Amino acid sequence: MSGGCVGRDEQLQALEAFLDDSRPVGCLVLVGDAGIGKTTVWEAGLRLAGELGCRVLSTRASQAETGLPFAALADLVEGVEADVATVLPGPQRHALDVATRRADPGGMAPDPLAISAGFLNLLRAAAESEPLLVAVDDVQWLDPSSAGSLLFAARRVANHGDGRIRFLLCKRPGRQTALEGAFRNGLERIALGPLSIGAIQHLLSARLRLVLPHRVLRQVFEVSQGNPLFALELGRTMAQRGVPEPGAELPIPDIAEDLFGERIRGLAAPARRVLLATALSADVGWLELSRLADPFALDQALSDGLITVERSRVRPSHPLLGAAVRRVASVRERRELHAALASAVDDLILRARHLAMAAAGPDEGLAETVAGAAAAALERAALHEAEQLAAQALRLSPAGSAGYPDRLLALARCHLVVGDSTRTRNLLGHRLEDLPPGSLRAQAHLLLAEALAGVADGEVHLGLALAEAGEDAEIRARALAGRATLLTVSRVRQLNDAERIARDALRAADRAGAEARHRALTALAWTRIMRGRPIDDLRRSAPPSPDKVSFYGSSMDRPHGVRLVFRGEMERARTVFQHIRDLTEEYGDIRDSIAITVQRCELELRAGDVVQAARLLDEIGQWESLEPMPLLSARLHAMAAAVAGFPAEAAKWATVVLRDTNMVDDSWNWLEVTRALGIAAIFDRDPQRAAEQLRVVWEHTQREKVGDPGAFPVAGDLVEALVLCGDIDAGRVVTGRLSLLAARQKHPWGRVTARRCSALLRLADGGDDDAAAELADAAGAYARLGLRYEQGRTLLSLGCLQRRYNKRGAARDSLTEAHVAFDALGCAGWSARAADELSRVSGRRTAGDALTVSERRAAELAAEGLSNKEIAGQLYVSVYTVEAHLSHAYAKLGVRSRGQLAARLTRTQ
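Residues numbered from 1 in each chain as written. Predicted model: local features only at pLDDT ≥ 70, side-chain atom pairs only at ≥ 80, totals over all residues. Heavy atoms only, no water.

**Student:** Describe the overall build of the chain, and please don't skip the residues or the numbers.
**Tutor:** Looking only at helices and strands, one finds 47 helices and eight strands in the chain. Every one of the 909 residues in the chain was classed for burial, and the buried ones make up 54%. Within the chain, residue pairs in contact and separated by at least 24 positions form 68% of the contacts whose partners lie at least 6 positions apart. (Helix = DSSP H or I, 4+ residues; strand = E, 2+ residues; numbered from the N terminus. Buried < 20%, exposed > 50% of the residue type's maximum accessible area, 1.4 Å probe, protein only. Contact = heavy atoms within 4.5 Å.)

Next up, the structure:
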């Protein structure tokens, strides 16, 4: 572990492993820059030690107290009860009391050896009844007297200890302290690295309830270099002053000047210029920096710890140092240095950025240069940089300049590409009349149609774009394609009209470019797949994809992959989605990234893999600030909870969606959460409510001509609910319709589900062995398609029916197989349900002192090294639930650590 940076969950696992008294480690050192979170992890170690039954002696060293003899030693000794010290020899006890100001020194100063020996023996006495942890924060600031006594004790503990006394140290990077050197082989280090962008978002949300636009979050990540203290201060400053506009720098918090202002003002001019240059240009290289700074000043700044070099790039040694020098520098000083950097850097896009930052007012020539750089950045997939440059180009455009309309539209397009539809609306909403009628105004309406969350408003702008388009075939094709897509994948209504409009778009696209044809073909493909029809001919007729253009709304691969999911061809769908994901990472349109991540999550939920779905939901969480995401995320959470077998959780998330969803404009979300509620009702053993919910979805798909039975796959669940309600005739009607669609479309999922439904209907009339065999065959067919969740559900139904007809051996086999399938997927609720049904077969319940299914699963994952958060993700429960399961498991198994847990589980298997 030494030398590597690890994440927060891994740090806590390392702390727990360190505190396991079976490991031969005497000292763990937490290393990291100021503000990186060392003390937070150190405090977590203290709490964990207490929970594991360790006695904790702790001190926080301080630079202000380095001149106070035995200040840290006094803190440590204070944590030991007075009666423990009575075992010390009289001279040692007196010396220790005098050193820590608990006794009058009398006529002679205490002997240093007596002090150190007394401290060592005090530690040994305190460790006799329970393991002991000696914890020191900021060990580099220990007063010399305390450091000497600690070193004396550490050497003897390291050489002759039995593992009952351990040291937890916290320090900044630098040379090894003598205290660390005392442990030699019994030493481990954890280097605390920067937070990820997702972790920073979580930190700001949890501590400040602040959700930032993605571009600003990236700025916070880049400026703070992942330092949590600085990121929090940036967040607090923005919470007070507001979020900066694109192209503007982040506000600098007061803490930067408070900590480093005096040091910055005391720097020589050459050193300050070097530091400011690195703060103003995150990507500046050593060679480029040497073009504007004296080589001696560069070397001196490096040796003085002002700057650091990483892979030929130069940055301030601490992000707060960079922020402080920007805060102290005047506006004129920053502009002059931006101009100098523009002459020094080689990259054209970076040069344009520095030129823009050096300019005080409008400049048409510079605006044109910066606009060109923005377009180049977009081609490079440097999306946030493109947005910032486009904002600067618009700022630099003189009023009434010929290039202003194009630059306005370019900035609006950049806002959309990074997912900030709100800013697109704010930018264009009140400037439509500033644009000349015709093509430019039509383009603005198209952008507004993409940016608006409501379908009705989107249709209005598409209509206005058509009215302004005249004979512009490309705009007509895009507007018509947008209309067809809104009807199909938002409203899920009027699919016949949607297909007709998509064909009109395709005719218009024949007179336009490749991108317009892509959009029209994609819109037509969506209407086709929803109606259960193939799209191979459309895919063959699509022109080659443009190399460096976002394919949002114009990728034939996406409807193709979704159709495979509808049909239950999961592995083929995964291959298609992986290809799309690779392309989105290459180009980087945020909307593409969101769309493919959502579709991958939906795929895993169809397969029932709630573990993988939970990971994708965490990934989706990074876009929480974007307008459509809260409802979309809530819908996915509702389905994930239903699939995992947590009906109350499903209902909670579904309420979020249904409360804020217009079912006419947003039928897709409405239909999916209604389906989730139906599944949850089946789990709750409420077939009447399940049938009501699922019938709503089924009837909508029939009424609106949604021909693919896998688009909203309710047929199998609906028939199961109807059978449980005793409504056999209604179940036969649904099964008949499903069988017809599946046969007509050669639909893999539809065919298997029709067999499942047919077998359930036959079994409802009595213990039919052939029907039971057919249901078992359907379960196997689901497994071969990769639909393990539906396999488990089918086997669970089969086992319950077999138990009802007193076929106990067969029921036991079916329920065992269902339990195994659910357990492998992480569907903890359904797994527990299968285990409960299994116990009813034999009539035996689990003994009270044995682990429950959930407790054992949580314990096994913990023993494998997973953190509580990771276990929660796998089991799809809260972290608090995991903690409760592990607490019960520890008590039942008589263990205190995860290391002991692994060994105990091995013996009980």
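**Student:** Lay out the nonpolar core with the relevant residues and their values.
**Tutor:** Residues Met 530 and Trp 830 are the most contacted members of the largest nonpolar core, which totals 171 residues. Leaving out residues up to four positions away in the same chain, Met 530 has contacts with Thr 488, Val 492, Leu 495, Phe 566, Trp 668, Lys 705, Val 706, Gly 707, Asp 708, Ala 711 and Phe 712. (Core = buried A, V, L, I, M, F, W, Y, C linked by side-chain atoms within 4.5 Å.)

**Student:** Mind laying out the confidence of the model for the chain, listing which residues take part and the relevant values?
**Tutor:** For the chain, the average pLDDT comes to 85, and 90% of its residues sit at 70 or higher. Note on residues 1-7: pLDDT under 50 across the span, and 14 contacts to partners over four residues away in sequence or across chains. Within the model, the stretch residues 844-849 combines pLDDT values under 50 with seven contacts to residues more than four positions away or in other chains. (pLDDT = per-residue confidence, 0-100.)

**Student:** Give me the lowdown on the packing of helix H10 (residues 214-224) against helix H11 (residues 228-241), citing residues and values where you can.
**Tutor:** Interhelical geometry of H10 versus H11 gives an angle of 135° and a closest axis separation of 9 Å. In terms of axis orientation, H10 runs oblique to H11. Of the two elements, H10 crosses H11, and the hand of that crossing is right-handed. Of H11, the residues touching H10 (which contributes Val 216, Val 220, Val 223 and Ser 224) are Phe 230, Ala 231, Leu 234 and Met 238. Residues belonging to the contact of H10 with H11 are distributed by class as follows: seven nonpolar, one polar and no charged. (Axes fitted to C-alpha atoms, helices over the stretch in contact; angles between N-to-C directions. Parallel < 35°, antiparallel > 145°, perpendicular 65-115°, else oblique. Left-handed = near helix turned anticlockwise from the far one by under 90°. Nonpolar A, V, L, I, M, F, W, Y, C, P; charged D, E, K, R; others polar.)

**Student:** Provide a residue-level description of the pairing of strand E7 (residues 307-310), including the pertinent values.
**Tutor:** Direction of pairing for E7 relative to strand E8 (residues 313-316): antiparallel, over a ladder of four bridges. Within the sheet, the bridge partner assigned to Glu 310 lies in E8 and is Arg 313. In textbook terms, the turn of a hairpin is the stretch between consecutive antiparallel strands, and for E7 and E8 this stretch comprises two residues, one of which, Arg 311, has a positive phi near 55°. (Pairing = 2+ DSSP bridges.)

**Student:** I'd love a proper account of the environment of Glu 288, names of residues and values included.
**Tutor:** Position of Glu 288 among the secondary structure elements: in helix H14 (residues 286-290). With relative accessibility at 9%, the residue Glu 288 sits in the buried group. Separated by 25 residues in the primary sequence, Glu 288 and Arg 313 place their C-alpha atoms 9.6 Å from one another. Other than its neighbours up to four places away in sequence, Glu 288 contacts Asp 283, Arg 313, Ala 344, Val 345, Asp 346 and Asp 347. Looking at Glu 288, its side chain comes within polar contact range of the main-chain nitrogen of Gly 285, at 2.9 Å. There is a polar contact of 3.0 Å between the side chain of Glu 288 and the backbone nitrogen of Asp 346. (Polar contact = N/O pair within 3.5 Å; in protein donor to acceptor, adjacent residues only side chain to side chain.)

**Student:** I'd like a description of the pattern of salt bridges, backed by residues and values.
**Tutor:** Taken as a whole and assessed by the stated rule, the structure comprises 55 salt bridges. In this structure, Glu 569 and Arg 567 form a salt bridge, with 2.9 Å as the shortest nitrogen-oxygen distance. Each of the salt bridges in this network shares a partner with another, and the network as a whole consists of Arg 241, Asp 254, Glu 257, Arg 265 and Arg 327. (Salt bridge = Lys/Arg side-chain N within 4 Å of Asp/Glu carboxyl O.)

**Student:** I'd like a rundown of unusual backbone geometry, residues and numbers included.
**Tutor:** For Gln 494, which is not glycine, the phi dihedral falls at a positive 50°. In this structure, Gln 494 sits in the loop between helix H25 (473-491) and helix H26 (495-509). Although it is not a glycine, Arg 685 sits at a positive phi angle of roughly 60°. Secondary-structure assignment places Arg 685 in the loop between helix H35 (667-683) and helix H36 (687-703).

**Student:** Describe the packing of aromatic side chains, naming the residues involved and giving the relevant values.
**Tutor:** In the structure shown here, the tally under the stated rule is six aromatic pairs. Pairwise contacts between aromatic rings join Phe 683, Tyr 789, Phe 822 and Trp 830 into one cluster. Stacked on the ring of Phe 152, the Lys or Arg Arg 156 has its end atom at 3.7 Å from the ring centre. (Phe/Tyr/Trp six-rings, centres within 6.5 Å; stacked < 30°, edge-to-face > 60°. Lys NZ or Arg CZ within 6 Å of the ring centre and 35° of its normal.)

**Student:** Give me the lowdown on a positive patch on the surface, citing residues and values where you can.
**Tutor:** Residues Arg 124, Arg 155, Arg 156 and Arg 184 make up a contiguous surface patch of positive charge. Positionally, Arg 155 belongs in helix H7 (residues 144-160). Look at Arg 155 and you get partly exposed, because its relative accessible area is 43%. (Patch = residues over 30% accessible without salt bridge, like charges linked within 9 Å, V, L, I, M, F, W, Y side chains within 5 Å. Areas by Shrake-Rupley, 256 points an atom, 1.4 Å probe, with all protein chains shown as cover. Lys, Arg positive; Asp, Glu negative; His and termini not counted. Charge placed at Lys NZ, Arg CZ, Asp CG, Glu CD.)

**Student:** Hey, could you go over empty space enclosed by the protein for me, with residue numbers and the actual values?
**Tutor:** For the coordinates displayed, the defined rule picks out eight cavities of 30 Å³ or more. Its volume calculated, the largest cavity comes out at about 70 Å³. What lines the largest cavity is simply Trp 698, Thr 701, Gln 702, Val 706, Gly 707, Asp 708, Pro 709, Ala 711, Phe 712, Val 714 and Leu 741. Broken down by element, the residue count for the lining of the largest cavity peaks at three residues, all from H36. Split into classes, the residues belonging to the lining of the largest cavity amount to seven nonpolar, three polar and one charged. (1 Å grid on protein atoms, 1.4 Å probe; cavity = no way out; pocket = protein on both sides within 12 Å on 5 of 7 lines; lining within 4 Å. Points joined across faces, edges and corners; volume = space filled by probe spheres on them.)

**Student:** With reference to specific residues and values, describe the environment of Ala 231.
**Tutor:** Residue placement: Ala 231 occurs in helix H11. On the accessibility criterion, Ala 231 (0% relative accessible area) is buried. A C-alpha to C-alpha distance of 9.8 Å links Ala 231 and Pro 319, two positions 88 residues apart in sequence. The contacts of Ala 231, once residues within four sequence positions are left out, are Ile 200, Leu 204, Val 220 and Ser 224.

**Student:** Please set out the side chain of Glu 720 residue by residue, giving values where relevant.
**Tutor:** Assignment of secondary structure puts Glu 720 in helix H37 (residues 715-725). Side-chain polar atoms of Glu 720 contact the side chain of Arg 793, separated by 3.1 Å. For Glu 720, the residues in contact, after removing those within four places along its chain, are Ile 682, Arg 756, Leu 760, Arg 793 and Ser 797.

**Student:** Describe in detail the packing of H35 against H36, supporting the description with residues and values.
**Tutor:** Where H35 contacts H36, the two axes come as close as 8 Å, and the packing angle between them is 150°. Classed by the angle they form, the pair H35 and H36 counts as roughly antiparallel. Crossing of H35 against H36: the hand is left-handed. The residues of H36 that touch H35, namely those facing Ser 667, Trp 670, Leu 671, Thr 674, Arg 675, Leu 677, Gly 678, Ile 679, Ala 681 and Ile 682, are Arg 689, Ala 690, Gln 693, Leu 694, Val 696, Val 697 and His 700.

**Student:** I'd like to hear about the environment of Ile 594, residue by residue, with values.
**Tutor:** Within the element layout of this structure, Ile 594 appears in helix H31 (residues 590-607). In this structure Ile 594 touches Trp 623, Leu 626 and Met 629, once residues within four positions along its chain are discounted.

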